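Structure assessment
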Amino acid sequence: MPASKLTTLFVLTNALLGTAFAASSAGCTANKALPNGQTPGGDTVKVAFTQSDGTARDYLIHIPSTYVSTTPAELIFSFHGHTVDASNQESTSQFSNPKFNPNGIAVYPQGKGDSWQGAPYADKGVNDIEFVKDMISHFKESYCIDTSKIYASGMSNGGGFTATLACDSSVNILIAAFAPVSGAYYIDSSTCTPTAIKIPCDKGDRIVPVIEFHGDADPTIPYGGEKKNKECLPEVSHWVRSWSSRDGLGLENQTTHDMYKGKVTRSKFPKDSSDPSFGTVQHYKTAGLGHTWPTTDSAGYDATPIIMEFFGNYTL
Ligand SMILES: *[C@@H]1O[C@H](CO)[C@@H](O)[C@H](O)[C@H]1NC(C)=O
């Protein structure tokens, strides 16, 4: 059979089976019970977990009220910052809030020593990328997951780790889109020119969707970058442009000024809004905002629904 006929057959088969079937995980089985007394719309539960190298871990999980074992659900990871924990990240990012995330399972993994791989202060012996892969395998088995709709977000060190996942071709093939907030994008380099430093990244062949939020008054991870903890933090817009460039979207963007009472400058890449890839890389720069997850209180807008809308545009 010629390749074109095969392709047609494949497309037809997929269309007949429906996308829900195509993306559903092994856990999509009628009447399959949720683990650990978890209930749809119930309290967030802390779960002990052993990663494949034997390391004892844990995470918090929230099941949306709409969850049923035969309908594939989205899965959203939200990684906490350094020195705070998973519970803090749940209240910070609000992915358990049905107002922002009505249908997705929200998971808040706990970092060893309250930190994540890729930062200079993280325990070098901890393989957090493996932890994430192991959790995804577990969630696919034990829950009904839409495997094309797994997403990652995080704050500060957790934002840096979100970027570490985006730059690892062995795990970014499992995660449809990435949303770091006030991310600490440490680069292991003794010299530091924040606006020009080369950012190491092995993203593989995928075009990786990334949305980044940063305050221009962030005292912890400064917008302009700096040498910190003997490593280099890149200037944030340089970091964003590096993603656009890596994704083949060019270095120019469509800029929208003065959003949300003048506080936000949004950059969307590529610049051409008629390009089908328009908006694949986005950046929200918030004037006067510190090292904070944007909320109506802190920034005049909530980042979480913007992240959810962004995630909704991308599937694997
Ligand atoms: C988007 O373009 C504007 C205008 O050239 C520039 O000032 C801004 O830094 C760009 N955004 C990013 C993230 O590079």
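Residues numbered from 1 in each chain as written. Predicted model: local features only at pLDDT ≥ 70, side-chain atom pairs only at ≥ 80, totals over all residues. Heavy atoms only, no water.

Side note on the overall build of the protein chain
Counted only if it meets this: Going along the chain from the N terminus, every DSSP run of H or I of four or more residues is numbered as a helix, and every run of E of two or more is numbered as a strand. Restricting the calculation to C-alpha atoms gives the radius of gyration, and the globule rule supplies 2.2 Å times the number of residues raised to the power 0.38. Contacts are residue-level and defined by heavy atoms, with any inter-residue pair within 4.5 Å sufficient. Positive charges are assigned to Lys and Arg, negative charges to Asp and Glu, while His and the chain termini are left out of the count. For the purpose of locating charges, the reference atoms are NZ of Lys, CZ of Arg, CG of Asp and CD of Glu.
When helices and strands are counted, the protein chain shows 9 helices and 12 strands. What you see for the protein chain is a C-alpha radius of gyration of 20 Å, in line with the 20 Å of a compact globule of 316 residues. Overall, the C-alpha framework of the protein chain stretches about 55 × 50 × 40 Å when taken along its three principal axes. Considering only intrachain contacts with a sequence separation of at least 6, the fraction spanning at least 24 residues in the protein chain is 71%. For the protein chain, the centre of its 24 positive side-chain charges and the centre of its 31 negative side-chain charges are spaced 3 Å apart.

Describing the UniProt feature "domain: Peptidase S9 prolyl oligopeptidase catalytic" (unreviewed entry) in the protein chain
The condition is simple: UniProt positions are given in the numbering used here, feature names are shortened, and annotations may be inferred rather than shown by experiment.
When the UniProt feature table is mapped onto this chain numbering, "domain: Peptidase S9 prolyl oligopeptidase catalytic" (unreviewed entry) sits at residues 111-168. When the span residues 111-168 is considered, its composition is 43% helix and 19% strand, and the gap between its end C-alpha atoms is 18 Å.

Topic: the environment of Cys28
On the secondary structure map, Cys28 appears in the loop between helix H2 (19-23) and strand S1 (45-50). Spatially, the C-alpha atom of Cys28 lies 8.3 Å from that of Glu141, the residues being 113 residues apart in sequence. Not counting chain neighbours up to four residues away, the residues in contact with Cys28 comprise Ser69, Pro72, Tyr143, Cys144 and Ile145.

Quick word on the site of the ligand
Selection rule: Note on terminology: near, applied to a residue and a molecule or strand, indicates that one of the residue's heavy atoms is within 4 Å of it. We define a polar contact as two N or O atoms separated by no more than 3.5 Å, with the added condition that, inside protein, one atom must be a possible hydrogen donor and the other a possible acceptor, whereas residues neighbouring each other in sequence contribute only through side-chain atom pairs. All accessibility values rest on the Shrake-Rupley procedure with a 1.4 Å probe; residue burial counts only the protein chains present in the view.
Around the ligand sit Ser237, Val240, Arg241, Asn253, Thr255, Ser267, Phe269 and His283, and those are all the residues in its vicinity. One of the side-chain N or O atoms of Thr255 is found 3.3 Å from an oxygen atom in the ligand. In this structure, a nitrogen atom belonging to the ligand sits 3.0 Å away from a side-chain N or O atom of Ser267. For the ligand, whose free accessible area comes to 360 Å², the fraction covered by protein is 57%. Mapped onto the shell around the ligand, the elements with two or more residues apiece are helix H6 (236-246) and strand S11 (264-269). The greatest single-element share of the shell around the ligand, amounting to 3 residues, is contributed by H6.

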